[in-house]
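Structural characterization, general
For reference, the chains in residue letters:
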Amino acid sequence: MLGKHSKKITCGCWSTQNLLALGSDDNTLSISNHEGDTVRQATLRGEPAEMCFSTMKTDERSAQGENTVSLCVDKKILMLYIVNDPENRIELTFQRHYGNIVSYRWYGDGYILIGFSHGYFVVISTHIREIGQELYQAHNHKDSLNSVAISPALNKAASCGDNSIKIHELSELKYISNVVRLDDETKGLDQLSWTDDGQLLAVSTQKGTLHVFLTKLPILGDSFGTRLAYLTSLLEVTVSNQVEGEAPVAIEVEVEPNFIAIGPYHVAVGMNNRAWFYALVDQEPGYNKLKDIEYLGTIASMCLNADYAAALFEGKVQLHMIEGKDQEEKKQMKLFPDDDRQGRILCHALTADFLYYGTDSGNVVCVLVEDWVTVSSYSHSVGVRKVFPDLNGARLVFIDDKNGGFLLSHANLPNFSPTITGLLWDNWHADRGVFVAYDDDKVYTYALHKTTIHGPRVVLVGNTPLLFSQKPLLLYNGELTCQTASGKTSEVALSTHSFLKHSTGTSTDSPPEIDKQLAQALMLKRFHEAWDLCKSSGSNADWTELGKACLIHMEVELAIQVYRMSGNVGMVLSLQGIQGIEDMNLLAGHLAMFLGDYNLAQDLYLSSSCPIAALEMRRDLLNWDSALMLAKRLAEDQIPFISKEYAVHLEFIGDYVNALAHYEKGMTHNNKFQEHDEACQAGVARMSIRMGDIRRGAAQAIQHPSRVLKKECGAILESMKQFSEAAQLYEKGQYYDKAASVYIRCKNWAKVGELLQHVSSPKIHLQYAKAKEADGKYKEAARAYESAKDWDSLIRVLLDHLNNPEDAVRIVRETQSIEGAKMVARFFLLLNDYGSAIHFLVLSQCNDEAFQLAQQHGQMEVYADIIGSEATQEDYQSIALYFEGEKKHLQAGKFFQKCGQYSRALKHFLKCPSTEDNLAVEMAIETVGQAKDSSLTNQLIDYLMGESDGMPKDAKYLFRLYMALQQYREAARTAIIIAREEQCAGNYRNARDVLFSMYTELQAQKIKIPAEMATNLMILHSYLLVKIHVKRGDHLKGARMLIRVSNNISKFPAHVVPILTSAVIECHRAGLKNSAFSFAAMLMRPEYRNEIDPKYRKKIEAMVRRPDTSELEEETTPCPFCGFQLPQNELLCISCKNNLPYCIATGRHMLKEDWSVCPHCEFPALYSQFILLLETETVCPMCSETLSVKQVKKISDCTTYLQADELDQ
């Protein structure tokens, strides 16, 4: 190297291609090879520093190796000197406020990280397209920056300055992962460097101190049950049990360990061939150091249980007591394997009772720790790399040299990733069959299904991603505890247990999410969580899935509950039927059958204690081939029955050849199974006919007792066009309709005639009738038409051929046949019987023809009577016009009224001659009532009043008119006038009846009743009561009524004297002498004296001459309104001034406590008196309706009747 530089060499570096680059104070750069020959020499613009070889980033991948020298020139410029292209050197200058370049480092794919003295931190790329651009820049330290360093192993960059160190992630430079402050370093920091593995970071200071930081811990940890031990610092191991809530214990260890092992009561740590044992105790600080042991070789791994430790070194496992005297320990120590020929041990594991180890020759050996004897050994085809027993040692998973995963004695694990490094069993008490396998990125959840209808199997439930550099230590109920590089633990919730968050009640998931959670819960056999999921938000499909899973896992009790919830009654009943079965294969067979896996069900049935179940299943499924094969093996006596069922099936699908063979095989020839044999014989008969052997088939069908068979064979023969044989079989089977129809097809009328009496089908009778009519045998034809209910043809034959109109008319009337009626009408027309012809034309709905006929032959009255209410408006109008032309006013009016032409109708009614007067006036009133036309009304009123012809008509017509027009007030006035006329004429009952009918009509229309009408009705009714009471011999009541009538004698002008005479006699009889005297005195007036009946004249004169004024005092009763005491017969209360309701039986005023009403007219009566009256009378004294004592009810609350009376007043 001599002579290349004139001044002091200040910096230099080697490249991987053995080139040496040197820089010196004379501002020159030289590049030499390893033999000292100069390759390149260059002059620089300032002093070189910080020289380094690297590779510039280019578009194409070059194999030139480190082709670039980078160096710092004059602390301001970063120069890139390309060895193979010395002319194109690159000089990069930076912003002045950054300060001087302190330090720089290459990293990644041609990136450079540069630190500046003013605390700036810049990243650039050396790619030719990006050169000169800053990719990232930060003011990392406030005052100064001393050094930068990069750790490719950790993918981190560090810078130091002021008195702090900042660590960045290279993948995301903005992210500062750590800041370390060194507050006691007042003079500032100096240089910074990482170890190659990135585990340590060293920083030197201006004071001359060296600080070394641990950046990441080796991930060492172990678990036993739910207890964990893991490295939290280079010389500290922490023991924790978060599941059981124990406080963590930190154990200070003497060396930085290579391995950690934990048991229920101990922790072991060690390196190389030495191990230190610590006992876990309850007293502070929570542990005791027991001892340290040296082994015969470097320890690869160690396991502990309660009493023993097992260390693996150099292909052997040493098993020894953890705590014991030295002599005992020597005794209680053993090396495995006993024999070197058994191969090298590659892995081991220790449970409470067993030691498991796997060898390179593929043996998995289980040793009982207590006796140190081999319990079992399993040979695998290749070496076994790792073994993982569960906590009890009952199940074991191992990984072989080909990275396959296997569950011991079961099968290989599905979808087992070759990158998997370890495995953990779930420590939760209920999830004993669940384990996870993990690699660097993912955790795979597996579940062992021990009892299913398919036998034991392992399923992959799903996977969960793992964060970078996390090692799983413990699995507990779907939560994975992992150890991190920082010496802490973190919890990872497995995505396969997402249904657990639902059970805490915090989730609101969408249906697809629920379906996914349900599927996971079922794969993990978490049926109760699945039940809760279905209950809270499950659809019918979800319940079905849960039910299927219960069946697969043979959870019969739970399945019953599930199917009960989803409403599947059939499945519940089926499951209850198999609930108590102890034979697992039989039970699994039934469940497989319910799930529709029939082949599996058959295999399970055949391996159970009841193989016949397989045969029953195949029969139920109609799998006859399989059923016959099983029957040959299991139950030969069943072959005939299966053959018969198979034959029925074959017949149905049209395979008649095989059906015949199986029907023949099905014959048992045993009287016990006669019905079965008959069914087979029937099958043989049917199949013989189908195969063309008609004689054999028909003969068998005739011999066979079954009618149905004859019908079936007849139908087959009929379809084959063998009509005579078919008809014979139908006849033998007594299917006469079928037989007759087939005989008709082969024109055998004689046979049809014989069978006709048994035939019910009208169609056959009709065919026969037509044939007989064609032959001219009309009587037989008529009988057959009648049986066929073809009435039109029957009528035609009766009229055309048999000349029997009486029967034809009878049939038309009975059947209302339109066509028949037309035929009869034509028949009568020919006989010139127009009335009958019209009648039958109307019956046949030929109204126009009937009308024309009536018109031609003057039979319109007949037509009008016949047409009745059936006709249309046009028909009525036609009739009315006809009668109008004939000047028949009453009939014209009647039909104009029917067709709604009221004014024309009225005109005709008023024109009627006086002989038809009454009927015409009534019809006119009805017409006006329907018309509701004021001009027509006035026209009729004028007529009734005699305005038009000077002859007033009876007032009753006017009354009826007002009623028809619903003009009730006018009707009432008219009624009073009519009643007055009747009264004057002495027709008192008629007068009373007119008033009564008007009274009830007004009441029904809720119209106030005129006082005059009410008074007149009361007086007339009192008069009519006299006769009833006198006839019954109750003279006092008769006398009281006669007093009331006599006081109003002016209303009875036609019978003044007789009424007063009766009053005198009845009053005298009843002891009312004073009243008798006063009426006798009235009779002595000159205008009445001569009219007195000579029988009574002397007595009455004597009464007047010698007056007796004694009088029986009238009883008093309370007013029903105010309770004031009044005479019984007084109808006006002097206290409350109310008109009092009166009793229709006695004429007295009503009493509240003795109230009843007539159920027909609802007039009141005193209950006690009404009952008394009805003992002799059978009608109501007011409305004359028939009445009995039973129909009258006493009314306890009469307020509604009293209110109605008050309203009327």
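Scope of this entry: the structure provided in the associated data block. As the structure is a computational prediction, the values presented were derived from the model and not from experiment.

Some remarks on the overall build of the protein chain
Counting secondary structure elements, the protein chain contains 43 helices and 50 strands. Relative to its 1209 residues, the protein chain shows a buried fraction of 49%. Long-range contacts, defined as pairs at least 24 residues apart, comprise 40% of the intrachain contacts of the protein chain with a sequence gap of at least 6. With an accessible surface of roughly 59500 Å², the protein chain has 49% of that area assigned to carbon and sulfur atoms.

A short note on the side chain of His-449
Note on placement: His-449 falls in strand E41 (residues 442–449). A polar side-chain atom of His-449 sits 2.6 Å from the main-chain carbonyl oxygen of Met-523. Contact partners of His-449, with chain neighbours within four places excluded, come to Gly-455, Pro-456, Arg-457, Val-459, Met-523, Lys-525 and His-553.

Focus: the layout of surface pockets
The volume enclosed by the largest pocket comes to roughly 1200 Å³. Elements supplying a minimum of two residues to the lining of the largest pocket: strand E20 (221–224), strand E24 (259–262), strand E28 (299–304), strand E32 (345–350), strand E36 (384–389), strand E39 (422–425) and strand E43 (470–476). The greatest single-element share of the lining of the largest pocket, amounting to six residues, is contributed by E43.

Side note on a negative patch on the surface
There is a patch of like negative charges on the surface, built from Asp-307, Glu-323, Asp-353, Glu-370 and Asp-371. Its place among the elements puts Asp-353 in the loop between E32 and strand E33 (354–359). Classification of Asp-353 by relative accessible area gives partly exposed; the value is 41%.

Points about the pairing of strand E35 (residues 373–379)
In the sheet, strand E34 (residues 363–368) pairs with E35 via six bridges, with the strands oriented antiparallel. Bridge assignment links Val-364 to a residue of E35, and that residue is Tyr-378. What sits between the antiparallel neighbours E34 and E35 is a turn of four residues, in which Trp-372 has the positive phi angle 60°.

Observations concerning the environment of His-266
Tracing the backbone shows His-266 in strand E25 (residues 266–271). Spatially, the C-alpha atoms of His-266 and Asn-288 are 9.4 Å apart, while their sequence positions differ by 22 residues. Polar contacts involving the side chain of His-266 include one to the side chain of Glu-323, which spans 2.6 Å.

Quick look at the packing of helix H3 (residues 511–523) against helix H5 (residues 540–552)
In contact at an axis separation of 11 Å, H3 and H5 are set at 10° when each is read in the N-to-C sense. Here H3 lies roughly parallel to H5, going by the angle between them. From H3, Ile-514, Asp-515, Leu-518 and Leu-522 reach across to H5, where they touch Asp-542, Glu-545, Leu-546 and Ala-549. Of the residues belonging to the contact of H3 with H5, the class tally is five nonpolar, no polar and three charged.

Let's talk about the packing of aromatic side chains
Scanning the entire structure with this criterion turns up 20 aromatic pairs. For the ring pair Tyr-98 and Phe-116, a centre distance of 5.0 Å and an interplane angle of 55° mean the geometry is tilted. Within this pair, whereas Tyr-98 is found in the loop between strand E8 (90–93) and strand E9 (101–107), its partner Phe-116 is found in strand E10 (residues 111–116), the two being separated by 18 residues in sequence. Of the two residues, Tyr-98 and Phe-116, neither departs from the other in class, the shared state being buried.

Brief notes about the nonpolar core
Counting 75 residues, the largest nonpolar core has Phe-1163, Phe-1170 and Met-1182 as the members making the most contacts within it. In terms of residues, this core owes the most to one element, helix H36 (residues 1011–1031), which gives ten residues. Once residues within four sequence positions are removed from consideration, Phe-1170 is found in contact with Ile-1144, Ala-1145, Ser-1156, Val-1157, Cys-1158, Ala-1165, Pro-1181, Leu-1187 and Val-1192. Counting 61 residues, the second-largest nonpolar core is a separate cluster that includes Ala-588, Leu-591, Tyr-663 and Met-687.

A short note on the sheet that holds E25
The four strands are arranged E24-E25-E26-E27 in an open sheet whose pairing can be described as antiparallel. Of all strands in the sheet, those bounded by a partner on one side alone are E24 and strand E27 (287–294). Here the strands of the sheet are splayed against their neighbours by 20° on average, with no regard to which way each runs. Looking at chain direction, E24 and E25 are connected through four bridges and run antiparallel. When the sheet's bridge partners are listed, Phe-259 is paired in E25 with Gly-270.

Observations concerning a nonpolar patch on the surface
Residues Leu-200, Leu-210, Val-212 and Leu-214 make up a contiguous nonpolar surface patch of about 330 Å² in total accessible area. Sorting elements by how many residues they give to the nonpolar patch places strand E19 (residues 210–214) first, with three residues. Within the element layout of this structure, Val-212 appears in strand E19.

Section: helix H7 (residues 569–577)
Among the residues of H7, Met-571, Val-572 and Leu-575 are the ones counted as buried. For H7, the buried positions fall inside an angular range of 100° around the axis, keeping them on one side. Of the exposed residues in H7, those oriented more than 90 degrees away from the buried face are Val-569, Leu-573 and Gly-577. Turning to H7, the residues buried within the fold contact H5, helix H6 (556–565) and helix H8 (584–594).

Quick word on the pairing of strand E23 (residues 246–252)
Across five bridges, the pairing between strand E22 (residues 236–241) and E23 is antiparallel. Within E23, the position partnered with Glu-236 by the bridge is Glu-252. Linking E22 to E23, which pair antiparallel, is a turn of four residues; within it Gly-245 sits at a positive phi near 70°.

With respect to the side chain of Lys-166
By secondary structure assignment, the location of Lys-166 is in strand E15 (residues 164–169). Comment: no salt bridge for buried Lys-166; closest opposite-charge side chain is Asp-162, at 7.2 Å. A polar atom in the side chain of Lys-166 sits 2.9 Å from the backbone oxygen of Asn-140. Apart from residues lying up to four places away in sequence, Lys-166 is in contact with Asn-140, His-141, Ala-157, Ala-158, Ser-159, Ile-176, Asn-178 and Val-179.

Brief notes about unusual backbone geometry
Going from Glu-284 to Pro-285, the amide bond is cis rather than trans, its omega being -5°. Here Pro-285 is to be found in the loop between strand E26 (274–280) and E27. Cis geometry marks the peptide bond from Phe-336 to Pro-337, where omega comes out at -10°. In this structure, Pro-337 sits in the loop between strand E31 (333–336) and E32.

Scoring rules and cut-offs
- Residues numbered from 1 in each chain as written.
- Predicted model: local features only at pLDDT ≥ 70, side-chain atom pairs only at ≥ 80, totals over all residues.
- Heavy atoms only, no water.
- Helix = DSSP H or I, 4+ residues; strand = E, 2+ residues; numbered from the N terminus.
- Buried < 20%, exposed > 50% of the residue type's maximum accessible area, 1.4 Å probe, protein only.
- Contact = heavy atoms within 4.5 Å.
- Areas by Shrake-Rupley, 256 points an atom, 1.4 Å probe, with all protein chains shown as cover.
- Polar contact = N/O pair within 3.5 Å; in protein donor to acceptor, adjacent residues only side chain to side chain.
- 1 Å grid on protein atoms, 1.4 Å probe; cavity = no way out; pocket = protein on both sides within 12 Å on 5 of 7 lines; lining within 4 Å.
- Points joined across faces, edges and corners; volume = space filled by probe spheres on them.
- Patch = residues over 30% accessible without salt bridge, like charges linked within 9 Å, V, L, I, M, F, W, Y side chains within 5 Å.
- Salt bridge = Lys/Arg side-chain N within 4 Å of Asp/Glu carboxyl O.
- Lys, Arg positive; Asp, Glu negative; His and termini not counted.
- Charge placed at Lys NZ, Arg CZ, Asp CG, Glu CD.
- Pairing = 2+ DSSP bridges.
- Axes fitted to C-alpha atoms, helices over the stretch in contact; angles between N-to-C directions.
- Parallel < 35°, antiparallel > 145°, perpendicular 65-115°, else oblique.
- Nonpolar A, V, L, I, M, F, W, Y, C, P; charged D, E, K, R; others polar.
- Phe/Tyr/Trp six-rings, centres within 6.5 Å; stacked < 30°, edge-to-face > 60°.
- Core = buried A, V, L, I, M, F, W, Y, C linked by side-chain atoms within 4.5 Å.
- Arc of directions from axis to C-beta.

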